[in-house]
Structure formats: C-alpha cells, structure tokens
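Residue strings, one per chain:
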Amino acid sequence: MTGLRERKKQQTYDALSQAAIELFLEHGFDQVAVADIAAAADVSKPTLFKYFPTKEDLVMHRIADHRQEAARIVAAASGPPVRALREHFLAGLADREPTTGLNDRPQVLAYYRLVFTTPALATRLRQFMDADERALAGVLGDVLGVDLEAELLAAEVLSAQRILAYRNWLTISGGQSATARYPAAVAEAETAFARLG
C-alpha cells in the first residue's frame, strides 16, 4: 500500500500537470510560460521544476504510466508475445483506453490534439515511443533469442499500434462516437495483428 507521503507527492504531480494542460489547451503550449503554470498551481517555479524538469514533461505526465507497457506485457506473458500484445490492445479498445485512440471524451480528444499538433510535444511523444520500442526489443530478444528479429518485431508491433490508435483518434475527432467506431477498430486491430503473426 502506498504511504501518505507518496500519495501527496502523486497528488502534487497530478495537480501541476492538470493546471498546465488546462492553460495549454486554453492558450496554446508555446504561449504559456512556466511562471504562468506555477502561479496557476500556487507554487514557486523552483517547486514546479522539482517535479517537472521541462514544460513537455507537464503534458507527458498524463501518459507516463504507459511507458514501456508493451515490454511489461510481454515479460509477464506465458504465451506468444504478439498474442499477448493483441489481447491487451483489444482489451484496451473494449475499455475505451485513451492510448488506443478509441475514446470520445472531449478532454481526451483535446489532450491528444494538443500533443499531435504541438511540435515540441510530438517530438517528446516520439522519444517515448523510441524508448518503448527499445524496451520491447530487449524483452523480445530474451524470448526470441535473436536481436535482429526482436528489433524488427518490436518496431512492427508498436508501429501497428500507433497507426491503429491514430486512425481511431482521427475518426472520432471527425465526429464519430467511440461506440460507433468500435467494430471497425476491432476489425482493423485483428487485421494488423494477423499480419504480425
């Protein structure tokens, strides 16, 4: 069980990130200064930087718990890696997990629009994905025993998931509900994972 100190620290992380994202959505990422965020959160700039070294980190905090998720899934799986990742992605679609793109809550759509349309955030997201790919390749290398195959499979799986999620997000951003998009999202996921073996 998490202690009081850790819970308070997590609450501070969440509150700072939330204040920053609200400002970014209202005014634009580049138009908001760190001092504005600190003032909105009622903390000093040094305190803010203690929790988040950069402005980008304030936004990416929201998806930080998904970092290296694919590697964790494969490491914990008892069966074939691709099957475990497929099952996880399909479960995410069913649960309307935001990282699958199949979530039509306005706050989620606005968050991803901010990330995808802000160059500094899109770059940071790419860095997250590259780190995820290396982590997955490392775990797959342990499972498959061949580094090149592991690296190629990691790149293929994570690229497929990224494309699927982005297609879902684009469709929903265009006005379709997550419920209406769900059958096509599942069909596209099944097609993509079938190609991966």
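Residues numbered from 1 in each chain as written. Predicted model: local features only at pLDDT ≥ 70, side-chain atom pairs only at ≥ 80, totals over all residues. Heavy atoms only, no water.

Description of the overall build of the protein
Rule in force here: For the purposes of this entry, the term helix denotes a DSSP run of H or I that reaches at least four residues, the term strand denotes a run of E that reaches at least two, and both are numbered from the N terminus. A radius of gyration in this sense is built from C-alpha atoms; the matching globule rule multiplies 2.2 Å by the number of residues raised to 0.38. For each residue, the accessible area found with a 1.4 Å probe, counting protein chains only, is set against the maximum for its type, and the residue is called buried under 20%, exposed over 50%, and partly exposed in between. Note on definitions: a residue-residue contact is assigned when non-hydrogen atoms from the two residues lie within 4.5 Å.
A count of helical and extended segments in the protein gives 10 helices and zero strands. The linear arrangement of helices and strands in the protein, starting from the amino end, is α-α-α-α-α-α-α-α-α-α. For the protein, whose C-alpha radius of gyration is 18 Å, the value lies close to the compact-globule estimate of 16 Å for 197 residues. In terms of overall dimensions, the protein has a C-alpha envelope of 50 × 40 × 35 Å along the principal axes. Each of the 197 residues in the protein was classed as buried or not, and the buried ones make up 41%. If you take every contact in the protein between residues at least 6 apart in sequence, the share linking residues at least 24 apart comes to 67%.

Focus on helix H7 (residues 106–117)
Inclusion rule: Expected helix span is given by 1.5 Å per residue-to-residue step, counting one fewer step than there are residues.
For H7, built from 12 residues, the straight-helix expectation of 16 Å at 1.5 Å per residue is met to within 8% by its first-to-last C-alpha distance of 16 Å. Three or more residues of H7 are buried, namely Val108, Leu109, Ala110, Tyr111, Tyr112, Leu114 and Val115.

Focus on the layout of surface pockets
Any empty space left between atoms is shown by rolling a water-sized probe over those atoms. To keep it simple, the criterion reads: Definitions used for this entry: grid spacing 1 Å over protein atoms alone; cavity, a set of points where a 1.4 Å probe fits but cannot get out; pocket, an open set with protein on both sides within 12 Å along at least 5 of 7 lines; lining residue, one with an atom within 4 Å of a point. Grid points are joined across faces, edges and corners, and a volume is the space filled by probe spheres set on the points. Under the scheme applied, nonpolar residues are Ala, Val, Leu, Ile, Met, Phe, Trp, Tyr, Cys and Pro; charged residues are Asp, Glu, Lys and Arg; polar residues are all the others, including Gly.
In this model, the largest pocket occupies a volume close to 850 Å³. Forming the boundary of the largest pocket are 33 residues, of which Thr99, Met129, Gln161, Arg162 and Ala165 lie nearest the centre. With eight residues, helix H9 (residues 147–173) is the single largest residue contributor to the lining of the largest pocket. Here the lining of the largest pocket is composed, by residue class, of 17 nonpolar, eight polar and eight charged.

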